[in-house]
Amino acid sequence: MPRQHISRTQRLRVAATARNRCAYCHTAERVIGPFLEIDHIVPEAAGGTATDQNLTLACPLCNSHKSDRTHAVDPETGVLSPLFHPNGQVWHEHFEWTDKGAVVVGKTPVGRATVAALDLNHPDIVATRRLWIAVGWHPPVDDLRDAGGRAVNPSGA
Ligand SMILES: [Zn+2]
C-alpha cells in the first residue's frame, strides 16, 4: 500500500495538537532541532489512515521502537496491553516524571507497556534529559501540573 500523503498544512495541525513535542516521551522539537516524525498511531500496515485523529508527532527513538506495534506487554503483569494513544488518552493519567524529570514511569498497564516497548528510559536519552533539566528545558512546564492544574514536583526534585 502506498504511503498516504500528509500535506504541510496537516503536519502543522498535527504538530500543534502534539504541542510540537513527541507524544510519547515529550521531547520537544525545539530541543532536538530536527523535525519530529509523523507517527501513525495505528500503523498504515494495520489499516491506520492519515486522519488527524490517527496522526501525532514522535521523536526518532520512539517512532523506531514503536514501529508497527499497537500493543506490548506490561512488564509488571506480563499481560498484553494497548500502547498509549496520544489522541485518545491523557499523558498524565498514564505517565509521570521521576528523578527530576529524567525518568518517565508508567502508572498504568498502558503506561508501563509503552515505557518498555518504546524504551523511553534508554540510558542515552536519560543522560540527555539531565542536560536539558540543568538548563530548564525539561520536563515540559505543563507536565508539572496535574489534571486539575495544580503544581506537582517530579519525585526527586
Ligand atoms: Zn519520543
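If you're wondering where the values come from, they're calculated on a predicted model, not measured in any experiment. (Residues numbered from 1 in each chain as written. Predicted model: local features only at pLDDT ≥ 70, side-chain atom pairs only at ≥ 80, totals over all residues.)

Caption draft 1: Seen up close, the overall build of the protein. Helix and strand content of the protein: 6 helices and 6 strands. Taken against the 2.2 N^0.38 rule, which gives 15 Å for 157 residues, the C-alpha radius of gyration of the protein at 15 Å falls within 12% of a compact globule. Taken along its principal axes, the extent of the C-alpha atoms in the protein is 45 × 35 × 30 Å. A total of 157 residues make up the protein; the buried ones form 31% of that total. Taking contacts inside the protein between residues at least 6 apart in sequence as the whole, the part at least 24 apart equals 59%. (Helix = DSSP H or I, 4+ residues; strand = E, 2+ residues; numbered from the N terminus. Rg over C-alpha atoms; globule rule 2.2 N^0.38 Å. Buried ≥ 20, exposed ≤ 12 C-beta atoms within 10 Å, placed from the backbone. Contact = placed C-beta atoms within 7 Å.)

Caption draft 2: The arrangement of helix α6 (residues 123–134) in detail. The end-to-end C-alpha separation of α6 is 17 Å, in line with the 16 Å expected for 12 residues at 1.5 Å each. In the stretch just after α6, G136 is the one whose phi turns positive, near 80°. (Expected span 1.5 Å × (residues − 1).)

Caption draft 3: Highlighting the nonpolar core. Core analysis: the biggest nonpolar cluster contains 24 residues, and C22, Y24, C25, L57, A58 and C62 have the highest contact counts within it. In contact with L57, not counting residues within four places along its chain, are V14, A15, A18, R21, C22, A23, L36, I38 and D39. (Core = buried A, V, L, I, M, F, W, Y, C linked by C-beta atoms within 7 Å.)

Caption draft 4: Region of the structure containing helix α5 (residues 109–117). Along α5, 7 of the 9 residues are buried, which leaves the element largely enclosed by surrounding structure. On its buried side, α5 packs onto α3 (60–66), β3 (71–73), β4 (80–82), α4 (91–94), β5 (95–98) and β6 (103–106). One or two positions beyond α5, positive phi appears at D119, with a value near 55°.

Caption draft 5: Structural detail: the environment of P43. Within the secondary structure layout, P43 lies in the loop between β1 (37–40) and β2 (55–58). Judged by the 15 C-beta atoms lying within 10 Å of it, P43 is partly exposed. Along the chain, P43 and T70 lie 27 residues apart, while their C-alpha atoms are 7.7 Å from each other. Not counting residues within four places of it along the chain, the set of residues in contact with P43 comprises G48 and D68.

Caption draft 6: Unusual backbone geometry, seen in detail. With an omega of -5°, the peptide bond between H138 and P139 qualifies as cis. Phi at N20 is positive, roughly 55°, even though this residue is not glycine. On the basis of neighbour counts, which here come to 15 C-beta atoms within 10 Å, the residue N20 falls in the partly exposed class. A positive phi angle, close to 55°, is found at D119, a residue other than glycine. By the element assignment, D119 lies in the loop between α5 and α6.

Caption draft 7: View of the environment of A15. Of note, A15 is situated in helix α1 (residues 8–17). On the basis of neighbour count, A15 is assigned to the partly exposed category, with 18 C-beta atoms found within 10 Å. The spacing of A15 and Q53 is 38 residues in sequence and 12 Å in space, taken between C-alpha atoms. What A15 contacts, discounting residues up to four positions off in sequence, is N20 and L57.

Caption draft 8: Representation of the pairing of β2 in the model. Here β2 shows two buried faces, one formed by L55 and L57 and the other by T56 and A58. Alignment of β1 against β2, held across 4 bridges, turns out to be antiparallel. What sits directly across from I38, in β2, is L57. (Pairing = 2+ DSSP bridges.)

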